[in-house]
Amino acid sequence: MWNNRSTVSSPLGMLMVYVVMMVTVAVGPMACYGFVVRSTAKSTKRKPTPLVVVAAANTNNDNVTDQDQQHEIAMEKATKAMTAFTNKYLANTGTKLCMDPSVPAVVIKGLAEHKVNLGAPLCPCRFYEDKQAEAKDGYWNCPCVPMRERHECHCMLFLTEENDFVGESQQIAFDEVVKLNNGVA
């Protein structure tokens, strides 16, 4: 599934990476303390193997710290900023959102998470050996170079009319982003 350079080598692998990203972003840092991805294969040969995704949620809010509250506030602010950016960029480029509103909602939340943690809206739909270095480099910071140069959005956030998954909407509300991410900004 993964080659030596840690890139996805099959369509099935891309789907699994997308599912892992969706679960990671949807569960959120405040609710998810453990996130384990493990192969169910017994061999180390290069054949596709199913992945098991395990997320452990914390339902006990008694241990919320000042740092957690600050992170929550920063996430809400960054999510609002990334939502506003998305709406403006959609209008400026003439692109549209995906027909499934949960896709842009999860991507916006991932961009906001990277903005808070890395200082830049690094594309949440890719695997990076070193996220800090990638964020500093800027190539995959949203809007990434492929989007700016060719209107190709790997995340399916900014879609052209030719895309099979393009929807009708050029706007998404902050409240919708929060709602589609299970109420977590």
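What you see is a predicted model, and the numbers here were worked out from it, not measured in a lab.

Asks: It is not clear to me how helix H2 (residues 66–93) should be interpreted in this structure. Could you clarify?
Replies: Because each turn of an α-helix spans 3.6 residues, side chains separated by three or four positions end up pointing in the same direction. Taking 1.5 Å as the rise per residue, H2 with 28 residues should run 40 Å; its terminal C-alpha atoms sit 40 Å apart, in good agreement. Residues His-71, Met-75, Ala-78, Thr-79, Met-82, Thr-83, Thr-86, Asn-87, Tyr-89 and Leu-90 constitute the buried set of H2. Tucked inside the fold, the buried residues of H2 contact helix H3 (102–118), helix H5 (145–150) and helix H6 (174–180).

Asks: Help me understand the environment of Lys-136 in this model?
Replies: Tracing the chain through its elements places Lys-136 in helix H4 (residues 131–137). Assessed through its relative accessible area of 78%, Lys-136 is described here as exposed. Separated by 14 residues in sequence, Lys-136 and Leu-122 have C-alpha atoms that sit 9.3 Å apart.

Asks: Which parts of the structure should I look at to understand the packing of aromatic side chains?
Replies: To describe a pair of aromatic rings, one takes the distance between the centres and the angle between the planes. Evaluated as defined, the whole model comprises four aromatic pairs. Both rings, one in Phe-85 and one in Phe-158, keep their centres 6.2 Å apart while their planes meet at 90 degrees; by these two values the pair is edge-to-face. On the criterion of sequence distance, the pair formed by Phe-85 in helix H2 and Phe-158 in the loop between H5 and H6 is long-range, its members being 73 residues apart. When its relative accessible area of 24% is taken as the criterion, Phe-85 is described as partly exposed. Residue class for Phe-158 comes out buried when judged on its relative accessible area of 1%.

Asks: Whenever I open this one, the pattern of salt bridges confuses me. Can you help?
Replies: Opposite charge on two side chains allows them to pair when their charged atoms are near. Counted by the stated rule, this structure contains five salt bridges. A salt bridge links Lys-96 to Glu-161; the nearest nitrogen and oxygen atoms lie 3.0 Å apart. Taken together, the residues span a long stretch of sequence, with Lys-96 in the loop between H2 and H3 and Glu-161 in the loop between H5 and H6 at a distance of 65 residues. With a relative accessible area of 16%, Lys-96 lands in the buried category.

Asks: What is the right way to look at the nonpolar core in this model?
Replies: Across soluble globular proteins, you tend to see nonpolar side chains buried next to one another. Counting residues in each nonpolar core, the largest one holds 28 residues, and the members touching the most others are Cys-155, Leu-157 and Phe-158. Leave out the neighbours within four places in its chain, and Leu-157 touches Thr-86, Leu-90, Lys-96, Leu-97, Pro-104, Val-107, Ile-108 and Leu-111.

Basis of the calculations
Residues numbered from 1 in each chain as written. Predicted model: local features only at pLDDT ≥ 70, side-chain atom pairs only at ≥ 80, totals over all residues. Heavy atoms only, no water. Helix = DSSP H or I, 4+ residues; strand = E, 2+ residues; numbered from the N terminus. Expected span 1.5 Å × (residues − 1). Buried < 20%, exposed > 50% of the residue type's maximum accessible area, 1.4 Å probe, protein only. Contact = heavy atoms within 4.5 Å. Phe/Tyr/Trp six-rings, centres within 6.5 Å; stacked < 30°, edge-to-face > 60°. Salt bridge = Lys/Arg side-chain N within 4 Å of Asp/Glu carboxyl O. Core = buried A, V, L, I, M, F, W, Y, C linked by side-chain atoms within 4.5 Å.

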